[in-house]
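Single-letter residue listing:
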Amino acid sequence: MSLVDDARAVRENAHAPYSNFKVGAAVRSTSGAVYLGCNVENVAYPEGTCAEAGAIAAMVAAGESEIAAVAVIADSPAPVSPCGGCRQKLAEFATGAVPVTLATMDGTELATTVGDLLPGAFDQDYLSRS
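Residues numbered from 1 in each chain as written. Predicted model: local features only at pLDDT ≥ 70, side-chain atom pairs only at ≥ 80, totals over all residues. Heavy atoms only, no water.

Which residues make up helix α2 (residues 51–61), and what values go with them?
Within α2, burial applies to A51, E52, A53, A55, I56 and M59. Buried residues along α2 sit against β1 (23–29), β2 (34–38), β3 (67–74) and α3 (84–93). One or two residues past the end of α2 sits G63, with phi positive at roughly 90°. (Buried < 20%, exposed > 50% of the residue type's maximum accessible area, 1.4 Å probe, protein only. Helix = DSSP H or I, 4+ residues; strand = E, 2+ residues; numbered from the N terminus. Contact = heavy atoms within 4.5 Å.)

Next up, the structure:
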C-alpha cells in the first residue's frame, strides 16, 4: 500500500460535519513506520485539527521525530496543499528535501517537497544568538 493509499483510507475517518471537506494525511518516519491523521472539525471552527497535525502528533506520541515522506489527500479539484500552520509543523520534523505527495480522490497527484511548500521556513537557526 502506498502512502497516498494510507492517506486515502484514513480520510474516511475524518470528522467534517461542518465543511464536509475530509482530508487524510500519512507520514512515513525515518524508521519506516507510517502514521496517519484525518481532520477533526469542531463546531468552534478554529478549534479543529488538521490531518497533517494529527499524523505528526501520532508519530511524536510513538516516540519518533523525523519525517521521511508525506502524503495528503482530499476530494478537491486540484491536489490539496497543507495550510500554512501545517507546513510549519512539517518543517519542524522534516528537512526541506523530504518528498510530499499532494493528491485528489480522482487520482491526480502533485509531487513536491517540504522546502518547496515552505520556502524561508522559520527554524531553530533564528533562535541562535550571535
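A description of the side chain of E52 should follow, citing residues and the corresponding values.
Topologically, E52 is positioned in helix α2. Although E52 is buried, it forms no salt bridge, and the closest oppositely charged side chain is R87 at an N-O distance of 7.9 Å. Beyond its immediate chain neighbours, meaning those up to four positions away, E52 contacts A25, V72, P82 and C86. (Lys, Arg positive; Asp, Glu negative; His and termini not counted. Salt bridge = Lys/Arg side-chain N within 4 Å of Asp/Glu carboxyl O.)

Let's hear about the pairing of β3: which residues, and what values?
For β3, the tally of buried residues reaches seven of eight residues, placing the bulk of the element in the interior. Both β1 and β3 contribute to a ladder of seven bridges, which runs antiparallel. Its bridge partner being in β3, R28 is matched across the sheet by A69. Pairing between β3 and strand β4 (residues 99–104): five bridges, direction parallel. If you follow A74 over to β4, its bridge partner there is T104. For the handedness criterion, the β-α-β arrangement of β3, α3 and β4 is classed as right-handed. (Pairing = 2+ DSSP bridges. Right-handed = clockwise from strand over helix to strand, strands pointing away.)

Could you give an account of the sheet that holds strand β5 (residues 109–113), naming the residues involved and the relevant values?
Think of a sheet as strands paired side by side through backbone hydrogen bonds, with each pair either parallel or antiparallel. In space, the five strands of this open sheet follow the order β2-β1-β3-β4-β5, with mixed pairing throughout. Where the open sheet ends on each side, the last strands, each with one partner, are β2 and β5. Here the strands of the sheet are splayed against their neighbours by 15° on average, with no regard to which way each runs. Contacts from helix α1 (residues 3–11) reach β1, β2, β3, β4 and β5 within the one sheet, and its direction differs from that of β1 by about 140°. (Axes fitted to C-alpha atoms, helices over the stretch in contact; angles between N-to-C directions.)

Mind laying out the environment of V72, listing which residues take part and the relevant values?
If you trace the backbone, V72 turns up in strand β3. Classification of V72 as buried rests on a relative accessible area of 1%. Residues V72 and E12 lie 60 residues apart in sequence; the distance between their C-alpha atoms is 13 Å. Those residues in contact with V72 that sit more than four places away from it in its chain are V23, G24, A25, E52, V80, P82, T101, L102 and A103.

Break down a nonpolar patch on the surface for me, citing the residues and quoting the values.
Taken together, Y18, V43 and Y45 make up a surface patch of nonpolar side chains, about 340 Å² in accessible area. Along the chain, V43 falls in the loop between β2 and α2. (Patch = residues over 30% accessible without salt bridge, like charges linked within 9 Å, V, L, I, M, F, W, Y side chains within 5 Å. Areas by Shrake-Rupley, 256 points an atom, 1.4 Å probe, with all protein chains shown as cover.)

How would you explain the nonpolar core if you had to name every residue and give the values?
Within the largest apolar cluster, 20 residues are counted, with the highest numbers of intra-cluster contacts made by V27, I67, V70 and V72. Elements represented by at least two residues in this core include exactly β1, α2, β3, β4 and α4 (114–117). In terms of nonpolar packing, the next biggest core, distinct from the first, is built from eight residues, L3, A26, I73 and A103 among them. (Core = buried A, V, L, I, M, F, W, Y, C linked by side-chain atoms within 4.5 Å.)

Can you break down unusual backbone geometry residue by residue, with the values?
Backbone geometry at N20 places phi at a positive 60°, although glycine is not the residue there. Counting through the fold element by element, N20 comes out in the loop between α1 and β1.

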